[in-house]
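Geometric and topological summary
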Amino acid sequence: MVFSQPPKAHWQALFSNSGFPFFFAGMFVSLFGTGMNFAGVTLYVLAKTHSTVQVSLTVILLTLPRLLVPPFGGVLTDRVDRRYLSIVLDLGRAAIVLAAALLAWRGSLQLWQLYGMVLLLGVGFAIYWSSSLALLQELVPPPQLVSANAAVLIAVQGGMLAAGGVVGFVYERAGLAGILAIDGTTYVLSAVCFYLLRQGYLAPQASVSRSLFGSVALESRPLDTYIAQGAQSVLADIHEGLNYLRTQPAVLALGLTYACMMAGVISANVLVVALANNLLHVGARGYGFIESGWALGAVVGGFAAAPLSRRHPFQVLVGALFVLAVGHALFPYAGFLAMAIIMNVVFGGCRAIGAVLTQSSILASVPNRLMGRTQSAFAFLATVLQVMMSFALGWLAEHASLQLAFLFLGGIYGVAVLAALRVRTLSPLPDTEPTAA
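Residues numbered from 1 in each chain as written. Predicted model: local features only at pLDDT ≥ 70, side-chain atom pairs only at ≥ 80, totals over all residues. Heavy atoms only, no water.

1. Observations concerning the overall build of the protein
Threshold: Strands are runs of DSSP state E lasting at least two residues, helices are runs of H or I lasting at least four, and both sets are numbered from the N terminus onward. When accessible area is computed with a 1.4 Å probe and restricted to protein chains, residues below 20% of their type maximum are described as buried, those above 50% as exposed, and intermediate ones as partly exposed. Contacts: residue pairs with any heavy atoms within 4.5 Å of one another. What sets the accessible areas is the Shrake-Rupley method with a 1.4 Å probe; for residues, cover comes only from the shown protein chains.
Scanning the protein from N- to C-terminus turns up 16 helices and two strands. Here the protein, with 437 residues, has 52% of them falling under the buried criterion. Partitioning the intrachain contacts of the protein with sequence separation of at least 6 by distance along the chain shows that 86% fall at a separation of at least 24. Element-wise, carbon and sulfur atoms account for 70% of the exposed surface of the protein, whose accessible area totals about 18500 Å².

Okay, structure coming up:
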């Protein structure tokens, strides 16, 4: 008789993989620095200009590269060792941020220089995210992908949560220069972690795995169809990646599900601030509590994703997305701060579970040599949806009502539900974690 190991054994097995502890540490410190940077720059620009328009410009500059870079970044990710690429990106971002920190310390940092730093960091992050996720596929075996994605989500949310807890203290005492110095240092530490991850050069290899959601192979065509014969041009590589997605509707549906979730999460910030100020009247402190609830739920959801989805992953995924859709439509009727915090804890947990399941299935299904282009395509789609949703939600909240805007936000999660239902071949999860007799 076979019994599943307790959750502790799953985490022990995951972190026993050579290199994964360094990957986890690198993601945590990198996202801690990113969180410090984003909050510090926002505070500085608002204090310097007293203009929310200027603050929104920093968000646009950070987001804009994700509309232009991913197609070419995906090709780069699929051509070179992902570990080396991540190291170069970390060191490059460290040099940019530390140069800005030096200018800020000397009191000579101009706004255009700060905006340039934000734009370049956006370019680096647009490549780094898809590259690091593709690297994860090389570090852990397919049966551990659910736990691995849950651990990465915990590292990301934990880093951002820790940054939010200390950024105000650091900014008051060290200013923007201190914030940027810490951020630059975290990128260097992340590069060291990735360097220690393994040895030697490893180019992306072609491989096919079973989907986490069932025994149906999503890679239906012979692998030779997708293997390049000799050197290809960048455009040919992009065409190859798009052709792969065109012939794999199940993978595309999972990517659309993930993109809708990402767009909903990021664009929701436009409304949550208004919810705190205009409906609940709790101000900046209440808004911070609501956002902390989301982060707490995301961490809990990361731990819960594997055990909840071990038998019926598809049902768990659809259920989590349904809660996000209905819950956000009802969010403006929370009535008081405690209820809003509790609801956001639930939302954070559901989003974490949905992200872990979709991302894990994508990593288990897509050939390794196409992973960079696939992740970049989904990142591009998520960014397009995010920009459209942010504008639409802001317009509805200002010209119609906040309730209608939240109903529209629930609609994007409804689209995610429909995209998940599109994967009709999903079946109960096979053994995706180690088992013991």
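2. Observations concerning unusual backbone geometry
Most peptide bonds take the trans form, and the phi angle of most residues other than glycine is negative. Phi is positive for H281, close to 55°, though the residue is something other than glycine. Summarising the element assignment, H281 is placed in the loop between α11 (269–279) and α12 (283–308).

3. Let's talk about the packing of helix α10 (residues 249–267) against helix α14 (residues 337–365)
Quick reminder of the rule: Note on definitions: angles span 0 to 180 degrees between N-to-C directions of axes, and those axes are lines fitted to C-alpha atoms, for helices only across the stretch in contact. Left-handed is the label given to a crossing in which the near helix is rotated counterclockwise from the far helix by less than a right angle, and right-handed is the label when the rotation is clockwise.
Look at α10 against α14: their axes get within 10 Å of each other, and the N-to-C directions meet at 150°. In this structure, α10 meets α14 at a crossing whose hand is left-handed. On the side of α10, the interface is formed by V251, L254, G255, T257, Y258, M261, M262 and V265, while α14 contributes R351, G354, A355, T358, Q359, S361, I362 and S365.

4. Regarding the pattern of salt bridges
We count it as follows: Salt-bridge detection follows one rule: a side-chain nitrogen of Lys or Arg within 4 Å of a carboxyl oxygen of Asp or Glu.
Tallied over the full model, the rule gives seven salt bridges. When the shortest N-O distance is used, the salt bridge between D78 and R82 registers 2.8 Å. As far as burial versus exposure is concerned, D78 and R82 are alike and both buried. Between E138 and R198 there is a salt bridge whose closest N-O contact spans 3.1 Å. In this pair, E138 is assigned in helix α7 (residues 111–139) and R198 in the loop between α8 (145–196) and α9 (234–246), connecting sequence segments 60 residues apart. For E138, a relative accessible area of 21% translates into the label partly exposed. Assessed through its relative accessible area of 17%, R198 is described here as buried.

5. A look at the environment of D78
Selection criterion: For the purposes of these results, a polar contact is taken to be a pair of N or O atoms within 3.5 Å, where, inside protein, one atom must be able to donate a hydrogen and its partner to accept one; residues adjacent in sequence count only when each atom of the pair is a side-chain atom.
Among the secondary structure elements, D78 is positioned in the loop between α5 (70–77) and α6 (82–105). Separated by 291 residues in the primary sequence, D78 and R369 have C-alpha atoms spaced 5.4 Å apart. Apart from residues lying up to four places away in sequence, D78 is in contact with P204, N368, R369, L370, M371, G372 and R373. Within the structure, D78 has its side chain in polar contact with the side chain of R82 (distance 2.8 Å).

6. A few points about the side chain of N17
Assignment of secondary structure puts N17 in the loop between α1 (7–15) and α2 (20–49). Within the local environment of N17, its side chain forms a polar contact with the backbone oxygen of A13, the two atoms lying 3.3 Å apart. When residues no more than four places from it in sequence are discounted, the contact partners of N17 are L139, V140, P141 and Q144.

7. Comments concerning the packing of aromatic side chains
Definition in use: By convention, a stacked pair of Phe, Tyr or Trp rings (six-membered ring in the case of Trp) has centres within 6.5 Å and planes under 30 degrees apart, an edge-to-face pair has planes over 60 apart, and any other such pair is tilted. Here, over-ring charges are defined by two tests on the NZ atom of lysine or the CZ atom of arginine: distance to the ring centre within 6 Å, and angle to the ring normal within 35 degrees.
This model, assessed by the stated rule, comprises seven aromatic pairs. On the numbers, 5.1 Å between centres and 75° between planes, the contact of F15 with F20 is edge-to-face. Judged by relative accessible area, F15 falls into the partly exposed class, the value being 30%. A relative accessible area of 0% means that F20 is categorised as buried. Ring centres 5.2 Å apart and planes at 85° place the aromatic pair F331 and F347 in the edge-to-face group. Here F347 lies in helix α14 and F331 lies in the loop between α13 (313–330) and α14, a separation of 16 residues in the sequence. By the ring-pair criterion, three or more aromatic residues cluster together here, those being F15, F20, F23, F24, Y128 and F194. It is R93 that lies over the ring of Y128; its NZ or CZ is 4.4 Å from the centre.

8. Re a nonpolar patch on the surface
Applicable threshold: Within the patch definition used here, like charges are joined within 9 Å and nonpolar side chains (Val, Leu, Ile, Met, Phe, Trp, Tyr) within 5 Å, considering only residues with over 30% relative accessible area and no salt bridge.
Taken together, the side chains of F22, L91, L98, V188, V192, Y195 and L196 present a nonpolar region at the surface, about 600 Å² in accessible area. If you list the elements that add at least two residues to the nonpolar patch, you get α6 and α8. Ranked by residues supplied to the nonpolar patch, first place goes to α8 with four residues. Assessed through its relative accessible area of 34%, V188 is described here as partly exposed.

9. Topic: α2
Heads up, the condition is: One fewer than the residue count of a helix, multiplied by 1.5 Å, yields its expected span.
The end-to-end C-alpha separation of α2 is 43 Å, in line with the 44 Å expected for 30 residues at 1.5 Å each. Downstream of α2 by one or two residues, H50 has phi in the positive range, about 55°.

10. As for the environment of G184
In this fold, G184 is placed in helix α8. The buried category is assigned to G184, whose relative accessible area is 0%. When neighbours within four sequence positions are excluded, G184 is seen to be in contact with A94, V97 and L98.

11. Brief notes about the confidence of the model for the protein
Definition in use: Residue-level confidence of the predictor, termed pLDDT, takes values from 0 up to 100.
Residues of the protein with pLDDT of at least 70 account for 85%, and the chain-wide mean is 80. Taken element by element, the predicted model of the protein shows its lowest mean pLDDT in strand β2 (residues 435–436) (38) and its highest in α6 (94). In this model, residues 1–5 is a region of pLDDT below 50 whose contacts with residues beyond four sequence positions or in other chains number 10 contacts. Across residues 206–212 the pLDDT falls below 50, and counting only partners more than four positions away or on other chains, this stretch makes 28 contacts in the model.

12. Comments concerning the nonpolar core
Spelled out, the test is: By convention a nonpolar core is built from buried Ala, Val, Leu, Ile, Met, Phe, Trp, Tyr and Cys residues, the set being connected through side-chain atoms within 4.5 Å.
Residues F20, F23, M27, L321, F331, L409 and Y413 are the most contacted members of the largest nonpolar core, which totals 97 residues. Once you skip the residues sitting within four places of it in the chain, L409 turns out to touch G264, S267, A268, L271, H328, M389 and L393. Within the second largest apolar cluster, 17 residues are counted, among which are A94, Y115, L176 and L180.

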